[in-house]
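Residues per chain, in single letters:
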Amino acid sequence: GVYEQLVIEVVVPWLKARLVALLPHCGAVNFSYQYPPTMRVQPGPSEEFKRPHRDAEYGHQAGELNFWMPLTNYSEFTRATLWVESRPDVGDFQPLAIDYGSVAMFH
């Protein structure tokens with residue numbers, strides 16, 4: 001399917017290239033990914049605030065990476081997006097201001 005193609009043809013080669021750039025002699029590496037993917041619906045602007053969650057609160061591994069691909073353009077529609085912090089518990093949340101067709105990676 002399309003999801004598997006995205007992971008195998010785009011995400012894994014990109015991750016492998018980054019890993020080899022950092023650790024040129026790392027040898028063979030296996031990658032695991034979630035299936036099926038999680039669908040997150042992010043509603044438009046709201047006055048209601050929800051407490052931010054951290055994946056670690058739900059049993060996710062410390063080294064796990066998240067890839068997020070919006071289904072709408074951030075700049076043209078509701079400006080709804082995910083907000084992420086640079087490191088756990090820093091509180092410096094910033095919006096992932098990316099459009100349809102782009103992919104963001106975060107921990």
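What counts, and at which threshold
Sequence order as written defines the numbering, with residues in each chain counted from 1. Per-residue local features are limited, in this predicted model, to residues with pLDDT of at least 70; the limit for side-chain atom pairs, both in listing and counting, is 80 or more; totals at the level of whole chains, interfaces and linings are taken over all residues. Only hydrogens and water are removed before side-chain values are computed, so all heavy atoms of the structure are retained for them. Helix and strand assignments follow DSSP, with helices taken as H or I runs no shorter than four residues and strands as E runs no shorter than two, numbered in order from the N terminus. Accessible area is worked out with a 1.4 Å probe on protein chains only. A residue is then buried under 20% of its type maximum, exposed over 50%, and partly exposed in between. Contacts are residue-level and defined by heavy atoms, with any inter-residue pair within 4.5 Å sufficient. All accessible areas in this document rest on Shrake-Rupley with a 1.4 Å probe, and a residue is counted as covered only by the protein chains that are shown. Every case where a carboxyl oxygen of Asp or Glu lies within 4 Å of a side-chain nitrogen of Lys or Arg is listed as a salt bridge. Stacked, edge-to-face and tilted labels apply to pairs of Phe, Tyr and Trp rings (six-membered ring for Trp) whose centres lie within 6.5 Å, assigned for plane angles under 30 degrees, over 60, and everything in between, in that order.

Next up on the list: the overall build of the protein. The helix and strand tally for the protein stands at one helix and four strands. Ordering the α and β elements of the protein from the N terminus gives α-β-β-β-β. The buried share of the protein, taken over its 107 residues, is 17%. Summarising the internal contacts of the protein: among those between residues at least 6 apart in sequence, 62% fall at separations of at least 24. Accessible surface, the protein as shown: approximately 8800 Å² in total, 57% of it carbon and sulfur.

With that settled, the discussion passes to the pattern of salt bridges. Where charged atoms of side chains with opposite charge meet at close range, the side chains can pair. Per the counting criterion, the structure on display carries two salt bridges. Here Arg-54 makes a salt bridge to Glu-85, at a shortest N to O gap of 2.9 Å. Of this pair, Arg-54 sits in the loop between helix H1 (2-22) and strand E1 (66-68) while Glu-85 is found in the loop between strand E2 (83-84) and strand E3 (94-95), placing the two residues 31 residues apart along the sequence. In this structure, Asp-89 engages Arg-54 in a salt bridge whose closest nitrogen and oxygen atoms are separated by 3.5 Å.

To continue, consider the packing of aromatic side chains. With the rule as written, the count across this model stands at three aromatic pairs. Arranged with centres 5.9 Å apart and planes meeting at 65 degrees, the rings of Tyr-3 and Tyr-33 form a pair that is edge-to-face. Here Tyr-3, found in helix H1, pairs with Tyr-33, found in the loop between H1 and E1; they are 30 residues apart in sequence, far enough to count as distant. Given the relative accessible area of 23%, Tyr-3 is considered partly exposed. For Tyr-33, a relative accessible area of 39% corresponds to the partly exposed category. On the basis of an interplanar angle of 35 degrees and a centroid distance of 6.1 Å, the ring pair of Tyr-3 and Tyr-35 is categorised as tilted.

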